[in-house]
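What the coordinates show
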Amino acid sequence: MSRPPPPALPALHPRLQRYLDGPWGKVQGFVHPDAMVLLDVALAFQESHGITGGFFEIGVHQGRFLLALEHAAGTGEPGLALDVFEDQALNIDKSGHGQRAVLEANLAAHALEPGRVAILQGDSTAPATRRAVLARGESYRFISVDGGHTAGHAASDLRLAEEVATPGAAVVLDDFFNTGFPGVTEGLAQYLTSGGTLRPVGVIGGKMLLSPLSWSDRMRAALRKRFAESPRFRVREVSFFGFPYTQARVA
Ligand SMILES: C[S@@+](CC[C@H](N)C(=O)[O-])C[C@H]1O[C@@H](n2cnc3c(N)ncnc32)[C@H](O)[C@@H]1O
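Residues numbered from 1 in each chain as written. Predicted model: local features only at pLDDT ≥ 70, side-chain atom pairs only at ≥ 80, totals over all residues. Heavy atoms only, no water.

The protein chain is annotated in an unreviewed UniProt entry as Class I SAM-dependent methyltransferase from Falsiroseomonas bella.

**Things to note about unusual backbone geometry**
One non-glycine residue, Phe85, lies in positive phi territory at about 50°. Structurally, Phe85 can be placed in the loop between β2 (79-83) and α4 (100-110). The phi dihedral of Asp175 falls on the positive side, at around 70°, and the residue is not glycine. Structurally, Asp175 can be placed in the loop between β5 (165-174) and α7 (182-193). (Helix = DSSP H or I, 4+ residues; strand = E, 2+ residues; numbered from the N terminus.)

**Considerations on the sheet that holds strand β7 (residues 207-212)**
Spatial strand order, β3-β2-β1-β4-β5-β7-β6-β9-β8: 9 strands in an open sheet with mixed pairing. The open sheet has two edge strands with one neighbour each: β3 (117-121) and β8 (233-240). Strand-to-strand twist in this sheet, taken as the mean axis angle between neighbours without regard to direction, amounts to 20°. Pairing analysis gives 2 bridges linking strand β6 (residues 198-204) to strand β9 (residues 243-250), with the strands arranged parallel. (Pairing = 2+ DSSP bridges. Axes fitted to C-alpha atoms, helices over the stretch in contact; angles between N-to-C directions.)

**Examining the layout of surface pockets**
Considered as a void within the structure, the largest pocket measures approximately 410 Å³ in volume. What lines the largest pocket is a set of 36 residues, among which Gly59, Ser95, Asp146, Gly147 and His149 lie closest to the centre. Residues belonging to the lining of the largest pocket are distributed by class as follows: 10 nonpolar, 18 polar and 8 charged. (1 Å grid on protein atoms, 1.4 Å probe; cavity = no way out; pocket = protein on both sides within 12 Å on 5 of 7 lines; lining within 4 Å. Points joined across faces, edges and corners; volume = space filled by probe spheres on them. Nonpolar A, V, L, I, M, F, W, Y, C, P; charged D, E, K, R; others polar.)

Shown next, in the form of structure tokens:
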């Protein structure tokens, strides 16, 4: 006897739902739809606290998750997309394959405000790239860390994310506990145990949500509530190197 399908994904904020129901399927990428719940909870949390800011992704490939961040952001909030793009010799662990022209076409076709996304080509671990990001003087409320997948990349990219995160930001790290890319989990451990101030909040769909430490407990309470309200999820409270977070999987 085959198992019945799992309960549906809970309804998302209208902008995120519109993206998931439409453009999502037309943009090639490496994101599980359940990860959208992380953005949805963060968006509701930030709206309830009056938090604004832009969006930033390190490692954009063809823009599937960048466009999710773009749909989460409010009107006029700026965006930044960072990737090595065609300079794939710098993609040393061969995770994805940025293609600038494809990204630009996807942004033109599917972004709510295509003109607001600045594109930066560079190696996220290079000091010059870091300076170029900081020189923009922007802070971001939605950040995705999905560039190089070695421990060094993950730890360095989390430090950059920490520097440009607005209070109450949602920082989403891809491939937590993906056995094909163990460096991400190793890099997260290095970051957390060497003074990093982002804190784990929750995990679903292969992505970990983190937030600045003064905000993470409150964001986690909001995430836990959302998971508990949906029959789709089975939830466990766990900890990683002593840092607690809420883990959900599809029932
Ligand atoms: C797994 S893909 C990103 C997937 C994307 N977030 C999505 O929504 O589908 C990883 C991306 O990181 C880029 N990348 C790899 N190493 C990088 C580095 N050192 N700096 C910036 N980008 C890098 C690759 O070119 C690739 O596009």
